[in-house]
Amino acid sequence: MATVEHCLYCFETLAAHLENREAMSLSEVEDSWAAYITSETSSQEPTGVGRNKLTKRIPALRRLANASSSSSSSSSSSSTSSDSSATSSTTSLQQQSQDSGSGVSTPATSASSSSSSPPLDAAPVPKETITESPMFITWNTLSNRHGRSLRGCIGSFEPLELDEGLASYALTSALQDVRFHPIPERELPSLEVVVTLLTNFEDARDAVDWEIGTHGLRLSFHYHGRRYGSTYLPDVAPEQGWTKEETVVSLMRKAGWMGRKDKWHEVDLKVVRYQGKAESLEYSEFKRWRSWVDKQESS
């Protein structure tokens with residue numbers, strides 16, 4: 001699944017490009033993040049107010065606190081009573097890639113800590129090692145007035161080495177999504193990045209053989225001698241509150257189909273469903289880590 005480090009690496013790649021400096025590699029980001037977490041946890045109080053502030057600041061620890069809290073609640077219960085626009089051609093990878101994105105608000109992740117949570121210096125759970133994956137990189141802008149808005153989303157359905165793929169599509173989605181102007185350096189503080197690693201590709205039996213909130217869809221079809229295609233990542237349908245039929249019709253419209261809405265089921269659709277393991281990060285988190293890195297390099 002996607003990780004905080006993958007998100008940091010995307011921000012690092014984009015920021016370095018805009019600031020005309022050399023970017024850190026993915027392995028360097030991963031090692032630095034581990035050292036940063038150790039430094040932050042050792043410099044904060046392990047309990048009480050200090051812990052609460054820290055878990056809000058660091059996504060990895062926020063998830064740890066949430067998991068610990070859920071586990072604690074489960075144990076307690078057990079003792080008392082014995083879960084936009086699309087391309088109509090797939091001749092180029094970038095055209096295929098631009099079929100993603102929603103541009104709609106994404107629910108924020110929340111967590112709470114518990115007095116029975118493990119100490120912050122507890123050994124981390126080993127991560128699944130992933131070296132390559134199909135992926136999409138989404139950039140959103142965040143504002144108090146307008147909330148979350150899509151700023152760019154491009155990816156690949158072909159498995160890519162993570163170091164190269166994340167760096168490439170972090171820049172491509174930020175600078176070459178034809179639906180938007182390239183992201184300038186001044187917009188960095190307003191950005192959020194979402195990394196989605198795609199898994200479990202399957203041919204669906206029909207247009208409704210998939211589950212909302214679980215599957216993304218990749219749709220292709222011919223209409224009046226022309227080939228169309230588009231995709232939605234797994235979070236789009238639940239964010240929009242769409243039914244399966246509404247999602248499919250929207251995908252067909254996104255691909256450029258102009259037929260009658262009530263005639264969509266007469267079109268011969270090829271539907272591939274897939275799943276996506278996503279992680280998101282705001283610029284403020286990246287900036288705190290990056291400032292720490294700069295401080296280490298200068299000391």
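Conventions used here
Residues numbered from 1 in each chain as written. Predicted model: local features only at pLDDT ≥ 70, side-chain atom pairs only at ≥ 80, totals over all residues. Heavy atoms only, no water. Phe/Tyr/Trp six-rings, centres within 6.5 Å; stacked < 30°, edge-to-face > 60°. Buried < 20%, exposed > 50% of the residue type's maximum accessible area, 1.4 Å probe, protein only. Helix = DSSP H or I, 4+ residues; strand = E, 2+ residues; numbered from the N terminus. Salt bridge = Lys/Arg side-chain N within 4 Å of Asp/Glu carboxyl O. Axes fitted to C-alpha atoms, helices over the stretch in contact; angles between N-to-C directions. Parallel < 35°, antiparallel > 145°, perpendicular 65-115°, else oblique. Left-handed = near helix turned anticlockwise from the far one by under 90°. Contact = heavy atoms within 4.5 Å. Nonpolar A, V, L, I, M, F, W, Y, C, P; charged D, E, K, R; others polar. Expected span 1.5 Å × (residues − 1). Patch = residues over 30% accessible without salt bridge, like charges linked within 9 Å, V, L, I, M, F, W, Y side chains within 5 Å. Areas by Shrake-Rupley, 256 points an atom, 1.4 Å probe, with all protein chains shown as cover. Lys, Arg positive; Asp, Glu negative; His and termini not counted. Charge placed at Lys NZ, Arg CZ, Asp CG, Glu CD.

Asks: Which parts of the structure should I look at to understand the packing of aromatic side chains?
Replies: Geometrically, a pair of aromatic rings is defined through the distance of the ring centres and the angle of the planes. This structure, assessed with the given rule, holds 14 aromatic pairs. With a centroid separation of 5.8 Å and an interplanar angle of 65°, the aromatic rings of Phe11 and Tyr283 are classed as edge-to-face. Here the two residues Phe11 and Tyr283 agree in accessibility, since each one is buried. Seen from their ring centres, Phe157 and Phe201 are 6.0 Å apart, and the 80° between their planes marks the pair as edge-to-face. Placement of the pair is Phe157 in strand β2 (residues 147-161) and Phe201 in strand β3 (residues 191-203), with a sequence separation of 44 residues. Taking relative accessible area as the criterion, Phe157 reaches 9% and is therefore assigned buried. For Phe201, a relative accessible area of 34% translates into the label partly exposed.

Asks: What is the right way to read the pattern of salt bridges from this model?
Replies: It is possible for side chains of opposite charge to pair when their charged atoms get near one another. What the rule picks out here adds up to 15 salt bridges. Across the pair Arg273 and Asp209 runs a salt bridge whose closest N-O atoms are separated by 3.2 Å. With Arg273 in strand β6 (residues 269-282) and Asp209 in the loop between β3 and β4 (216-223), the pair connects residues that are 64 residues apart, well separated along the chain. We classify Asp209 as buried; its relative accessible area is 11%. Two residues, Lys263 and Glu266, come together in a salt bridge whose shortest N-O distance is 3.6 Å. Residues joined by salt bridges that share partners form a network here, namely Glu12, Glu19, Arg21, Arg290, Asp294 and Glu297.

Asks: Just to check I follow, could you spell out the packing of helix α1 (residues 4-19) against helix α2 (residues 26-42) for this structure?
Replies: Each pair of packed helices gets described by two things: the angle between the helix axes and the distance between those axes. At a minimum axis distance of 9 Å, the contact between α1 and α2 shows a crossing angle of 120°. Accordingly, the angle class assigned to the pair α1 and α2 is oblique. Considering how the two elements wind past one another, α1 and α2 form a crossing that is right-handed. Contacts from Val4, Glu5, His6, Leu8 and Tyr9 of α1 reach α2 at Leu26, Val29, Glu30 and Trp33. Among the residues making up the contact of α1 with α2, the classes are represented as six nonpolar, one polar and two charged.

Asks: Which parts of the structure should I look at to understand the side chain of His215?
Replies: For His215, the position within the fold is in the loop between β3 and β4. Ignoring sequence-local partners within four residues, the contact set of His215 consists of Glu202, Trp210, Pro234, Arg273, Tyr274 and Gln275.

Asks: Just checking my understanding: could you explain helix α8 (residues 244-255) for this structure?
Replies: An α-helix turns once per 3.6 residues; consequently, residues spaced three or four apart project the same way. An ideal rise of 1.5 Å per residue puts 16 Å on twelve residues; α8 measures up with 17 Å between its terminal C-alpha atoms. All buried positions along α8 are accounted for by Thr247, Val248, Val249, Ser250, Leu251, Met252, Lys254 and Ala255. Those residues of α8 that are buried are in contact with β4, β5 (226-232), α7 (236-240) and β6. Gly256, located one to two residues past α8, shows a positive phi value of around 115°.

Asks: Explain unusual backbone geometry here, please?
Replies: Excluding glycine, residues mostly carry a negative phi; peptide bonds, for their part, are mostly trans. In this structure, Asn20 is a non-glycine residue whose phi angle is positive, near 55°. Position of Asn20 relative to the elements: it lies in the loop between α1 and α2. Backbone geometry at His224 places phi at a positive 55°, although glycine is not the residue there. Within the element layout of this structure, His224 appears in the loop between β4 and β5. For His224, a relative accessible area of 71% puts it in the exposed group.

Asks: Looking at this structure, how should I read a negative patch on the surface?
Replies: On the surface, a cluster of negative charge is made up of Glu22, Glu28, Glu30, Asp31, Glu132, Glu161, Asp163 and Glu164. Residue assignment for the negative patch shows that the elements contributing at least two residues are α2 and α6 (162-175). Ranked by the residues each element gives to the negative patch, the list is headed by α2, at three residues. Relative to the helices and strands, Glu164 resides in helix α6. A relative accessible area of 60% means that Glu164 is categorised as exposed.

Asks: What exactly am I supposed to notice about the environment of Glu22 here?
Replies: Residue position: Glu22 is located in the loop between α1 and α2. Its relative accessible area of 74% is what places Glu22 among the exposed residues. Spatially, the C-alpha atoms of Glu22 and Glu12 are 9.4 Å apart, while their sequence positions differ by ten residues. Contacts of Glu22, omitting those with residues within four sequence positions, involve Glu12 and Ala16.

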